[in-house]
Protein chains: 2
Amino acid sequence: MAEVRIAPQPIRRADRARQVADVLRHQIHGGAYGDGLPGEPELAAEFVVSRNIIREALAALQDEGLIHRGPRVGTHVAQHKFDHGLDVLLGLQETFDGQEVRNEVRAAATISAPPSVARRLLLEPGAPVVFIERLRYLGDLPLSLDQTYLVPDIGAAVLAHPLETNDLFPLIEQISGQPLGAASLALEAIPADRHSATILQLPGGAALLMLERLTTLADGRPVDLEYIRMRGDRVTMRGNLTRSTP
Amino acid sequence: MAEVRIAPQPIRRADRARQVADVLRHQIHGGAYGDGLPGEPELAAEFVVSRNIIREALAALQDEGLIHRGPRVGTHVAQHKFDHGLDVLLGLQETFDGQEVRNEVRAAATISAPPSVARRLLLEPGAPVVFIERLRYLGDLPLSLDQTYLVPDIGAAVLAHPLETNDLFPLIEQISGQPLGAASLALEAIPADRHSATILQLPGGAALLMLERLTTLADGRPVDLEYIRMRGDRVTMRGNLTRSTP
């Protein structure tokens, strides 16, 4: 079976620290440690590495805002991340059923569709679209800043509903009289511009998970184009893939 | 239909700039402008906004490393992003078929599995796993830094193959004699720690798209756990969702 034998390459110390940080990050998210992490000696034993490597890994997680460290209080989990599904199309309120999602409506107006928005919603360039910007809170902290473009007929009816507490998806289904069909989405990691960072209560340049999502009704008509900036330190998107298309 | 009428809210200037930046970003990625963007007056007319707003939007895109601006040369696209699929489980080489993917193998060794790695690969804690770290290039620039843990039987055989040019997925299928089945994945946006940033040729704190992926064989056995740090400015993950589980 062997073709070319590669000499095993040793693992450098900084690489080792990253390796530990990655595993710790997911153990923390998975709730393995509750709110407090074991001490450095225990972690060093668990990972079979030096305490220096553990310290370097914990420093990286602290920079990510995932843990707090203190000389006497030890290492604590700063905040738990929330999981958002990549398998089924769900709104935020539907995803976090039972937890308090609150929307601050920052803009809600009819505007002229920019060309690429018009194209994706199958409208004429410059046609009216309803633009809604919401800052979404889960608990006390902002989770995401959502910009939404809706086709004018559905958008006008959406504006007549209270947007502070509703997800848009069920509203769109109620207004259109049909279920949503599918969505195409694009996910990117981008740095927060200063203005978005301030709104999301983050330092400038903080990593955002940016979701662009075009949603169609069951009949195939595209009705809802969204640009969702999620705080990188608060959201994980999770899903499943298969090797071949189902 | 109306329950509570919300007074339409005006759109603030900084919000407007973000709105323009988001649309421009996706027009650029879509190739709408080729390598050179229209001038500020043309963009202002296209978006029906002031030149100040266009300037603010372009400044944000410049901060993201997406465009270059110069006093005489105008605005140019700095680099085009690559699309990576969220619908089907494919390796990098398979995704970018025909383009040159090159791997720098930074580590390849058998190590003791950290507890959470062992748990996910259904091994005993401390059992041997094969750890591989590769820096993956598409063209001249790094695209991602991949850390891979393989179950020992498959990992040992993988180490006997040249990893500079091969994707792991086809190797695993060849070695195990069966196709891969599915993968569960988690996507996050995280800031690059200093060491990873240096390796990926990015400034410290740059936004990374972090993919954790656990892949199973067709028979359901988990064999491959990966932590993939993708440069946020080079990769977009794309996929489709349906409203209900298929």
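Residues numbered from 1 in each chain as written. Chains lettered and ligands numbered in written order. Predicted model: local features only at pLDDT ≥ 70, side-chain atom pairs only at ≥ 80, totals over all residues. Heavy atoms only, no water.

This part is about the side chain of Asn103(A). Residues and elements named next belong to chain A. Within the secondary structure layout, Asn103 lies in strand E4 (residues 101-112). Side-chain polar atoms of Asn103 contact the backbone oxygen of Leu163, separated by 2.9 Å. With sequence-adjacent residues up to four places away left out, Asn103 is seen in contact with Arg134, Leu135, Arg136, Leu163, Glu164, Thr165 and Asn166. (Helix = DSSP H or I, 4+ residues; strand = E, 2+ residues; numbered from the N terminus. Polar contact = N/O pair within 3.5 Å; in protein donor to acceptor, adjacent residues only side chain to side chain. Contact = heavy atoms within 4.5 Å.)

Glancing now at the packing of aromatic side chains. When we look at a pair of aromatic rings, we describe it by the centre distance and by the angle of the planes. Residues and elements named next belong to chain A. This model, assessed by the stated rule, comprises 4 aromatic pairs over all chains. Summarising the aromatic geometry, the rings of Tyr149 and Tyr227 are spaced 6.1 Å apart at their centres and angled 90° between planes, so their arrangement reads as edge-to-face. Separated by 78 residues along the polypeptide, Tyr149 in strand E6 (residues 141-150) and Tyr227 in strand E9 (residues 222-231) bring together distant segments of the chain. Overall, the relative accessible area of 0% leaves Tyr149 in the buried class. On the basis of relative accessibility, which here comes to 1%, the residue Tyr227 falls in the buried class. An aromatic cluster of at least three residues, connected via ring pairs, comprises Phe131, Tyr149 and Tyr227. (Phe/Tyr/Trp six-rings, centres within 6.5 Å; stacked < 30°, edge-to-face > 60°. Buried < 20%, exposed > 50% of the residue type's maximum accessible area, 1.4 Å probe, protein only.)

To continue, consider the sheet that holds strand E8 (residues 207-217) of chain B. In spatial order, the strands read E3(A)-E10(A)-E7(B)-E8(B)-E9(B)-E6(B)-E5(B)-E4(B); together these 8 strands make up an open sheet with mixed pairing. Each of the sheet's edge strands pairs with one partner strand only, and the pair in question is strand E3 (82-85) of chain A together with strand E4 (101-112) of chain B. Direction aside, the axes of adjacent strands within the sheet are offset by 20° on average. Summarising the sheet, strand E6 (residues 141-150) of chain B and strand E9 (residues 222-231) of chain B pair through 7 bridges and their orientation is antiparallel. Directly across from Leu150(B), in E9(B), lies its bridge partner Asp224(B). Relative to E6(B), helix H1 (residues 13-29) of chain A is tilted by about 70°, and along the sheet it contacts strand E10 (235-242) of chain A together with E4, strand E5 (128-138), E6, strand E7 (180-191), E8 and E9 of chain B. Along the sheet face, helix H7 (residues 168-176) of chain B touches E5, E6, E7, E8 and E9 of chain B and points at about 170° away from the line of E9(B). (Pairing = 2+ DSSP bridges. Axes fitted to C-alpha atoms, helices over the stretch in contact; angles between N-to-C directions.)

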